Every structure is written in structure tokens, then in C-alpha cells.
Amino acid sequence: MTVILDLLNNDPRAKMRSETPRHPEKVNRPDTPIQSKPAWIRVKAPGSAQWAETKRIVRENKLVTVCEEAGCPNIGECWAKKHATFMIMGDTCTRACAFCNVRTGRPGPLDADEPVKVAEAVAKLGLEHVVVTSVDRDDLADGGAAHFAATIAAIRATSPVTTVEILTPDFLRKAGALERVVAAKPDVFNHNLETVPSKYLTVRPGARYFHSIRLLQRVKELDGQIFTKSGIMVGLGEDRNEVLQLMDDLRSADVDFLTIGQYLQPTRKHHPVVSFVPPDEFEAYERVAYAKGFLLVSATPLTRSSHHAGDDFRKLRERRGSTPQPEPHRTMSQNIVDFGAP
């Protein structure tokens, strides 16, 4: 059975938060039972000395990690290796996705010192590869693009040999935001689709599927040297053919790396798990995805966006070196029309 600890209990940061519920938009939803997890989903509870050291550095720099906020089951393994995924721009998201355990509400102002704090933590942890993500900040004119760019620049200045992977929101209706982030030259640009398009209204209602596809394709148009990456969860009620079509949509946008993991329900108020996908089906998805042309695929029940990110980045570089480069990118008018954005 998976052991998922509520690492936010007794967190001193909680004293600075209001008394409002973590998910105010979900309070009145009916409870849905949390199913017992199958035997193939297993993780060790965190608690090693290295895990404690990572936690200390995160706390000393007053940083937020998606590892804790999203209740990632891999936190024990990753933090024991001093691999933490930093979540910038606060711990409160402006959206209310049905699968997500990150706090929802009205965010506070940006911390202008946060990029430097992240860079200092990266240096203290001695990271060769760092993943930086964020909450959605629809309240900001640029969606937080300048803050992403500043964080990348600060890491480059402090740890010039560290490679930088970012996992961004969709910057929906934020003109020029994506271009600003790409200009900062991250090594990997990740933006997750999360689920198949038929589930967006119930799982990811604030987003637009074809806008996200277009975002990923635009990254390649702006800078073909940046690796692009996207991920989905399964077990939300999707069917196999929908997943295969999603793979084709990502390949049409020249996405390099696909991750597929099992959705795990955080609380009784969140979207229920419709099915636990067995390991052999993940293996089948991986085989099909490689056949469709992805440079790298990670498809297991416990796969998460930043799990083994450093090792995966090394594989991406090796495989690009042995793979012919794609033809010049076509424009979106030749490939995909954005029917999602109103």
C-alpha cells in the first residue's frame, strides 16, 4: 500500500495562513470514498538523514515545494537524494483543478527575493539538475513569466553548470508571457496536459487542451534546442484510444518526452479514482509512445513529472545526439487549430 504522509501538518508556515479551508471550492462537494490501493503501488515513508537535510534547507530558505504541497508519493526517495522540486510564486493557486492538492484561493504578492532564495538552495543542495514549477497565477498580468525568467537567471548566476527544467502553467491569455520564459533558455520546458480532452471540464476546468498543445509547439518554434515535455495521469475515466490520440497530438507539436502516471486521490473531496491501471498497461503505453517517436517515455504507476528528472535529462541529451533532427516546424495553422480558448 502507498504511504502518503500529510507533511503539511505542524508546518510553521501554516501560522501565516488564514483559517480558510485549503480547498474552499471543494468544501460542499459530496465525499467520494478513497479506494484501497493495489499491491503494485508502494513507496517508503520519508525519514532518512538526507531527507531531513533537504527539508532543513527548504525551510531555511523559506521555499515551497510541490513535493509537499501536492502530496507526492515519491518525496522520500527524491529528498533522500537532495532532489526537490521548487514551487515559486507562493503556495496558493488561482485555479481549482479537481485532481490537485495545492491550496486554492487568492494568492499574496510575489516575493521579489524568491529567485535568489531558490538559487541559494540549489547551490546548497549541490544540484546538477533542478526542476522549478509554480502555481497558476491568473491574477498577474504576465502569469508570472518574469518571475520564472528571473529564477532561471538567478540559478544560472549561482550554479552555472546546473541544468534547469521548468514546469509551467499555461499562461492562458497572457500575451508575450511564453516568449519571455523561453528567452531565459531553460534546458527543459515542461507543461502537463494532465488528462485527455474529454475530461477537461471535470478535471481541469480552467485550462484549454488545444491551447496547451499550442503552447508546447510554440516553444519549439521559438527555440528548437529546448527539450519539451508533457505528462498525464491515468485512472480518471479516460479510455485507451483517447490516450493514444493525445500522444499523436503531442507528437504533432514535436514534444520530446512524455510521462504517464497513476492518479491518486488526495482527499474525499477530490475527483475519485475511476481505475487503478495495472503495470502491464503502463508498459504497453510506453511501447506505443516510443513507436510514435518520443525521445523518452516514463510510464509507471508512480511516475511523476519531476521524478528522476536529472537522469532523464541525461538520457534526452544522449538520444538527441543519436537521432536525426526534425524538419523545420510548421505553423500552427498547418497543424492544430485552438478550439479551446473562448
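These numbers come from a predicted model, not from an experiment.

*Asks:* Which residues make up the side chain of Thr 228, and what are the values?
*Replies:* On the secondary structure map, Thr 228 appears in strand β7 (residues 227-234). On the basis of relative accessible area, Thr 228 is assigned to the buried category, the value being 0%. With sequence-adjacent residues up to four places away left out, Thr 228 is seen in contact with Phe 189, Leu 216, Val 219, Lys 220, Asp 254, Val 255, Asp 256 and Phe 257.

*Asks:* How would you summarise the packing of helix α8 (residues 209-222) against helix α9 (residues 240-252) if you had to cite specific residues and measurements?
*Replies:* The N-to-C vectors of α8 and α9 enclose an angle of 35 degrees; their axes lie 8 Å apart at closest approach. Every residue of α9 that contacts α8 at Tyr 209, Ile 213, Leu 216 and Gln 217 is listed here: Leu 246, Asp 249, Leu 250 and Ser 252. Taken together, the residues of the contact of α8 with α9 sort by class into five nonpolar, two polar and one charged.

*Asks:* Hey, could you go over the environment of Pro 38 for me, with residue numbers and the actual values?
*Replies:* Position of Pro 38 among the secondary structure elements: in the segment before α1 (49-60). Considered as a pair, Pro 38 and Phe 276 are 238 residues apart in the sequence and their alpha carbons are 7.5 Å apart.

*Asks:* A description of helix α10 (residues 279-291) should follow, citing residues and the corresponding values.
*Replies:* Taking 1.5 Å of rise per residue, 13 residues should cover 18 Å, and α10 covers 19 Å from first to last C-alpha, within 8% of that figure. Among the residues of α10, those classed as buried are Phe 282, Ala 284, Tyr 285 and Ala 289. Looking straight down α10, one finds its buried side chains confined to an arc of 160 degrees; they lie on one side. Turned more than 90 degrees off the buried face of α10, the exposed positions are Arg 287 and Ala 291. Positive phi appears at Gly 293, one or two residues downstream of α10, with a value of about 110 degrees.

Thresholds applied
- Residues numbered from 1 in each chain as written.
- Predicted model: local features only at pLDDT ≥ 70, side-chain atom pairs only at ≥ 80, totals over all residues.
- Heavy atoms only, no water.
- Helix = DSSP H or I, 4+ residues; strand = E, 2+ residues; numbered from the N terminus.
- Buried < 20%, exposed > 50% of the residue type's maximum accessible area, 1.4 Å probe, protein only.
- Contact = heavy atoms within 4.5 Å.
- Axes fitted to C-alpha atoms, helices over the stretch in contact; angles between N-to-C directions.
- Nonpolar A, V, L, I, M, F, W, Y, C, P; charged D, E, K, R; others polar.
- Expected span 1.5 Å × (residues − 1).
- Arc of directions from axis to C-beta.

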